[in-house]
Amino acid sequence: METISYEPLALEEYEKNLIREYGTVVHYPKGQIIFAAGDTADRIYLIEEGFVKIYRITADGRRVTVGSMRSPGELMGLAETLYHGERTCFAGAINDVTIVVVRKNRFEELLEQHPSIAIKVAKTLGVRMREAEAIIHEMVCWQVPGRLAMLLLKMAERAGVETENGTKIDLRLTHEEIACMIGTSRQTVTSLLNTFKQENSIAVEGREMFILDTEKLNKWIV
């Protein structure tokens, strides 16, 4: 089945440099919350290094991922900051993260003085709206094996490193974290990963995962 990928819009290096001039560099260790639901949305973030997950917490305390993970070079926290609302989600560091934090008033100055960045922000918000629609479609229409296969393919695309043993996913996620990303249980993720290993579509060495056969994974996406 053909899949649709909504790639983040890349900022040019000169655009990143402008954002850096307006902001402050902050480091977050793995697992730390960058912002939380209920926080005042008064700043935006440029990810320099590391990956960030966006999630909500259900009434029974489960974490449910509500967007794709944010990658180096991406902006986050845009929509709520631009209309000055409250955060509705949590953002957590998947690994050690370095971020440029820009206050709302400074970011608005930047957008006024550099319309090309404002246009890119608008396009980014459009892409993320389509991405959210795609995630809803996946949750409603795809079975859990297909959602897991798609997640692995996306992670390989965004955080993959080519090696002699296949595409190494350069992220160390627990089965619980993966389960939160696709709306299932940790036990189901463990069982499905074992199935993928048995069919040689992936390999696991210690805590490292390798994608061996993308065609086999794509066949699960139904």
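All figures in this text were calculated on a predicted structure; none of them were measured in a lab.

(A) Representation of the environment of N165 within the structure. Mapped onto the elements, N165 comes out in the loop between strand 9 (160–163) and strand 10 (166–169). A relative accessible area of 43% places N165 in the partly exposed class. Distance in space between the C-alpha atoms of N165 and F196 is 16 Å, their sequence separation being 31 residues. Residues within four places of N165 in sequence aside, it is in contact with E205, F210 and L212.

(B) Summary view of the pairing of strand 9. Bridge analysis of strand 9 against strand 10 gives four bridges, and the strand direction is antiparallel. Paired with E162 across the two strands is T167, which belongs to strand 10.

(C) Fine view of the sheet that holds strand 8 (residues 97–103). Strand order in this open sheet of four strands is 1-8-3-6, and the pairing throughout is antiparallel. Strands with a single pairing partner mark the edges of an open sheet, and in this sheet they are strand 1 (24–28) and strand 6 (75–76). Of the strands in this sheet, strand 3 (43–49) and strand 8 touch helix 3 (residues 104–113), which is tilted by about 80° from strand 8.

(D) Summary view of the pattern of salt bridges. The full count for this structure, using the stated rule, is 16 salt bridges. In this structure, K53 and E177 form a salt bridge, with 3.3 Å as the shortest nitrogen-oxygen distance. With K53 in strand 4 (residues 52–57) and E177 in helix 6 (residues 175–182), the pair connects residues that are 124 residues apart, well separated along the chain. Neither K53 nor E177 differs from the other in exposure class; each is buried. Here E208 makes a salt bridge to K168, at a shortest N to O gap of 3.1 Å.

(E) Up close: the domain arrangement of the protein. Each assigned domain of the protein is listed with its residue range as follows: domain 1 (13–141) and domain 2 (144–220). Centre-to-centre separation of domain 1 and domain 2, based on C-alpha positions: 25 Å. Of the residues lining the interface, 15 residues belong to domain 1; the matching set on domain 2 comes to 15 residues. Taking both partners together, domain 1 and domain 2 bury about 1,300 Å²; carbon and sulfur atoms supply 56% of that area.

(F) Highlighting the packing of aromatic side chains. A complete count under the given rule lists three aromatic pairs for this structure. For the pair Y55 and F90, a centre-to-centre distance of 5.4 Å together with 10° between the ring planes defines the contact as stacked. You can see Y55 sitting in strand 4 and its partner F90 sitting in strand 7 (residues 90–93), a full 35 residues away along the chain. Residues Y55 and F90 agree in their burial class; the two are buried. It is R87 that lies over the ring of F35; its NZ or CZ is 4.4 Å from the centre.

(G) Representation of the pairing of strand 3 in the model. Pairing of strand 3 with strand 8, which is carried by six bridges, proceeds in the antiparallel orientation. Within strand 8, the position partnered with Y45 by the bridge is V101. Of the strand pairs in this sheet, strand 3 and strand 6 are connected by two bridges, and their pairing is antiparallel. Bridge pairing in strand 6 places L46 opposite L75.

Conventions used here
- Residues numbered from 1 in each chain as written.
- Predicted model: local features only at pLDDT ≥ 70, side-chain atom pairs only at ≥ 80, totals over all residues.
- Heavy atoms only, no water.
- Helix = DSSP H or I, 4+ residues; strand = E, 2+ residues; numbered from the N terminus.
- Buried < 20%, exposed > 50% of the residue type's maximum accessible area, 1.4 Å probe, protein only.
- Contact = heavy atoms within 4.5 Å.
- Pairing = 2+ DSSP bridges.
- Axes fitted to C-alpha atoms, helices over the stretch in contact; angles between N-to-C directions.
- Salt bridge = Lys/Arg side-chain N within 4 Å of Asp/Glu carboxyl O.
- Domains from an automatic or database assignment.
- Buried area = accessible area lost by both parts, 1.4 Å probe.
- Phe/Tyr/Trp six-rings, centres within 6.5 Å; stacked < 30°, edge-to-face > 60°.
- Lys NZ or Arg CZ within 6 Å of the ring centre and 35° of its normal.

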